[in-house]
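What follows is each chain in one-letter form.
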Amino acid sequence: MGGEAGNLETFLKWASQLGISDSTNPLQSTTALCLGNSLFVSHFPDAGGRGLAAARELRKGELILRVPKSALMTRESLLTDQKLAISVNGYSHLSSTQILAVCLLAEIDKGKASMWYPYLVQLPRSYNILASFTWFETQALQVEDAVWAAEKARSKAELDWKESVPVMKELELRPQLLTFKSWLWASATISSRTLHIPWDDAGCLCPVGDFFNYAAPEEAMPCSEDLVSWKEVSSLKFSYLWKFDAKQFNAYLQRLTDGGYEEDISAYCFYARKSYKIGEQVLLSYGTYTNLELLEHYGFILDMNPNDKAFIELDAEICSSSSWSKDTLYIQQDGKPSFTLLSALRLWATPPNQRKSVAHYAYSGSQLSAENEMSAMRWMAKNCQILLNKFPTKVEDDDLLLHIIDKMQNFPLPKEVEYEQMMLAFGGEVGAFFEANGLQKGGSGGDITFSRKMIRSIERWKLVVQWRLRYKKILVDCISYCTEVVDFLSSENLLPNRSNNT
Ligand SMILES: C[S@@+](CC[C@H](N)C(=O)[O-])C[C@H]1O[C@@H](n2cnc3c(N)ncnc32)[C@H](O)[C@@H]1O
């Protein structure tokens, strides 16, 4: 697809004809372009690239964009193509998302004959979601859980593709569209751009509405221990099942999202989550994600992500000493252990025969004794350090490597002399990167210009190093936090002793 090459004005005209509008007056007749009243398309190099900016001062809560149901690209709308519908019906074992991906590729196959053509040419040509990571990029994540998540995402995509090839062959799609590369493109489009709709769990593609870039929800999340469970709705939103109070949950959910499908007017509506000045980027909260989840579903990370988490391996006894679920036992982005991790560590640091008597204090978040607190904090600091020591690169190495990658992004391949320096500093990783991308050191000492493919590889490599650096920095902050607590408690033994031996 054309990406930037696609004609934006033609697209905005087409969108206006479909009734997409940013007008404040819902009754206003169609204008030539669908934007200009509240929003305009702009470029934000440090926050998502192409995005939507405020065309006027916007007030918090104002309706800023409406996309009628007829302009949403869904399985239902795409399956009005009889040939497609007949073929797809014969493959009932395919998931809703697989079917949407097949429909999307079938629509691409139609080229200009597709009614969606002006929209399709606006879609990005490539994505950086985890499933598209190469072996080198996956290994460069370094953190076991992340490597595993990337491998799992890739094998799931491969399986989905293999299962879908027969129907795509039956539809006689062009050979290029039958490849795994095309499948990855279609599934990344769906993963990173679909919005939740109540009638189809595959979600919908929403022209213009999918130009909003992401900002993390500002409201603090309810403590994870208050959530019974949470699940992704294969969309830009997560829904949470709130344990105690449905009203409270609904209010929370409303704050969490700034858009949704409205049955009464049959349109997807977007609202300003805060007030914006003219020219400021208008952002949407797709939901609450850690950086690894953002990478998996959307192909980017946030440098400051209030919802980021670092999981570390815990002794089986720590997990079994309390009834907290394992996925709530993590280090917060500010380096502090989560409420439940602290509580689990406090119980674990209590002799087993005394755990029952202090459990209610631990579960309510109270410290048990100075000794107990210090044991818990020492365990955390020591294990974060052990983990940090195991990684092939340190925080400082990753910082420096990022600096080098930045240089590579801004210039052609560094001259021979810089290359030599890079190899000295990062022999293994830089060498492996060049090798993985089929580039050997040039003998001439001159500059080499990168191909588009290479530029994208550098982009993904940078994302990977940024991700693992954020993870390591959380561990470093955790060590500082725990050490401070231990230092404080060992100087002032202030806490009541709720157990005898701890
Ligand atoms: C729904 S689209 C948003 C519009 C997109 N920028 C475009 O040009 O079509 C989501 C994608 O935008 C990018 N994106 C959104 N928010 C971002 C952010 N805060 N930082 C970096 N990339 C972001 C990611 O590539 C993500 O997969």
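Residues numbered from 1 in each chain as written. Predicted model: local features only at pLDDT ≥ 70, side-chain atom pairs only at ≥ 80, totals over all residues. Heavy atoms only, no water.

Looking up the chain in an unreviewed UniProt entry gives the name Protein SET DOMAIN GROUP 40 isoform X2, with the organism given as Nelumbo nucifera.

1. Points about the overall build of the chain
What the chain contains, in helices and strands, is 17 helices and 13 strands. Expressed as a percentage of the 502 residues in the chain, the buried residues total 52%. By element, 53% of the accessible surface of the chain is carried by carbon and sulfur atoms, the whole surface being about 23,900 Å². (Helix = DSSP H or I, 4+ residues; strand = E, 2+ residues; numbered from the N terminus. Buried < 20%, exposed > 50% of the residue type's maximum accessible area, 1.4 Å probe, protein only. Areas by Shrake-Rupley, 256 points an atom, 1.4 Å probe, with all protein chains shown as cover.)

2. Concerning unusual backbone geometry
The phi dihedral of Glu172 is positive, around 55 degrees, even though this residue is not glycine. Relative to the elements of secondary structure, Glu172 occurs in the loop between helix H7 (144-170) and helix H8 (180-193). Taking the relative accessible area as the measure of exposure, Glu172 reaches 61% and is therefore exposed. Here the phi dihedral of Val208 falls at roughly 70 degrees; this positive angle occurs in a residue that is not glycine. Note on placement: Val208 falls in the loop between strand E5 (200-205) and strand E6 (213-214). On the accessibility criterion, Val208 (0% relative accessible area) is buried.

3. Thoughts on the packing of aromatic side chains
Enumeration over the complete set of coordinates arrives at 25 aromatic pairs. Put simply, the rings of Phe11, Trp14, Trp116, Tyr119 and Phe211 pair up and form one aromatic cluster. We note Lys69 situated over the ring of Trp199; from NZ or CZ to the ring centre the distance is 4.4 Å. Against the face of Tyr330 rests Lys309, its NZ or CZ located 4.6 Å from the ring centre. (Phe/Tyr/Trp six-rings, centres within 6.5 Å; stacked < 30°, edge-to-face > 60°. Lys NZ or Arg CZ within 6 Å of the ring centre and 35° of its normal.)

4. Details of the site of the ligand
The environment of the ligand is made up of 14 residues, and the closest members are Arg50, Arg193, Asn213, Tyr214 and Tyr298. Between Gly48 and the ligand, the recorded distance is 2.9 Å, taken from a backbone N or O atom to a nitrogen atom. Taking Arg193, its side chain carries an N or O atom lying 2.8 Å from an oxygen atom of the ligand. Out of a free accessible area of 560 Å², the ligand has 85% covered by protein chains. Contributions of two or more residues to the shell around the ligand are made by H8 and E6. The residue inventory of the shell around the ligand, partitioned by class, reads 8 nonpolar, 3 polar and 3 charged. (Near = heavy atom within 4 Å. Polar contact = N/O pair within 3.5 Å; in protein donor to acceptor, adjacent residues only side chain to side chain. Nonpolar A, V, L, I, M, F, W, Y, C, P; charged D, E, K, R; others polar.)

5. A few points about the state of the cysteines
Summed over the entire model, instances satisfying the criterion amount to 0 disulfides. Cys478 carries a free sulfur, and the closest cysteine sulfur to it, the one in Cys482, is 3.9 Å from it. Assessed through its relative accessible area of 0%, Cys478 is described here as buried. (Disulfide = S-S within 2.5 Å.)

6. Regarding the sheet that holds strand E10 (residues 267-271)
Taken together, the 3 strands give an open sheet; going across it, the order is E3-E10-E9, and neighbouring strands pair in antiparallel fashion. Two strands bound the open sheet, and with one partner strand each, they are strand E3 (63-68) and strand E9 (259-262). On average, adjacent strands in this sheet sit at an angle of 25 degrees to one another, irrespective of strand direction. The pairing of E3 with E10 spans 5 bridges and is classified as antiparallel. Across the sheet, Val67 pairs through a bridge with Tyr268, a residue of E10. (Pairing = 2+ DSSP bridges. Axes fitted to C-alpha atoms, helices over the stretch in contact; angles between N-to-C directions.)

7. Concerning H8
With 14 residues, H8 should reach 20 Å at 1.5 Å per residue; the first-to-last C-alpha distance of 19 Å fits that figure. Counting buried residues in H8 gives 11 out of 14 residues, a clear majority hidden from the surface. Taken together, the buried positions of H8 are occupied by Phe180, Ser182, Trp183, Leu184, Trp185, Ala186, Ala188, Thr189, Ile190, Ser192 and Arg193. (Expected span 1.5 Å × (residues − 1).)

8. Things to note about the packing of helix H10 (residues 291-298) against helix H17 (residues 452-491)
Angle between the axes and distance between the axes: these two values describe a pair of packed helices. Running from N to C, H10 and H17 point in directions that differ by 160 degrees, and their axes come no closer than 10 Å. Here H10 lies roughly antiparallel to H17, going by the angle between them. Side by side, H10 and H17 meet where Asn291, Leu292 and Leu295 of the first sit next to Leu463, Trp467 and Arg470 of the second. (Parallel < 35°, antiparallel > 145°, perpendicular 65-115°, else oblique. Contact = heavy atoms within 4.5 Å.)

9. Considering the environment of Ile86
Mapped onto the elements of the fold, Ile86 is located in helix H3 (residues 82-89). The spacing of Ile86 and Leu171 is 85 residues in sequence and 9.9 Å in space, taken between C-alpha atoms.

10. Examining the sheet that holds E6
Taking strand neighbours across the sheet as the criterion, the 4 strands line up as E1-E2-E11-E6 in an open arrangement whose pairing is mixed. Among the strands making up the open sheet, the edge pair consists of strand E1 (39-44) and E6. Bridge count for strand E2 (residues 49-54) against strand E11 (residues 281-284) is 2 bridges, and the pairing is antiparallel. Residue Leu52 lies in a different strand from E11, and its bridge partner there is Val282.

11. Description of the pairing of E5
For E5, the tally of buried residues reaches 5 of 6 residues, placing the bulk of the element in the interior. Of the pairings in the sheet, the one linking strand E4 (residues 194-197) to E5 comprises 3 bridges and is antiparallel in character. By the bridge assignment for E5, Leu195 is matched with Cys204. Where E4 folds back on E5, the antiparallel hairpin that results is connected by 2 residues.

12. Some words on the pattern of salt bridges
For the structure shown, the criterion picks out 18 salt bridges. Across the pair Lys13 and Glu9 runs a salt bridge whose closest N-O atoms are separated by 3.7 Å. Of this pair, Lys13 and Glu9 are both found in helix H1 (residues 8-17), 4 residues apart, which corresponds to roughly one turn of the helix. According to the relative accessible area criterion, Lys13 is partly exposed, its value standing at 39%. Note on Glu9: relative accessible area 45%, which makes it partly exposed. Of the charged contacts in the structure, one is a salt bridge between Asp258 and Arg273, with a shortest N-O distance of 3.5 Å. Within this pair, whereas Asp258 is found in the loop between helix H9 (246-256) and E9, its partner Arg273 is found in the loop between E10 and E11, the two being separated by 15 residues in sequence. Side by side, Asp258 and Arg273 carry an identical accessibility label, which is buried. (Salt bridge = Lys/Arg side-chain N within 4 Å of Asp/Glu carboxyl O.)

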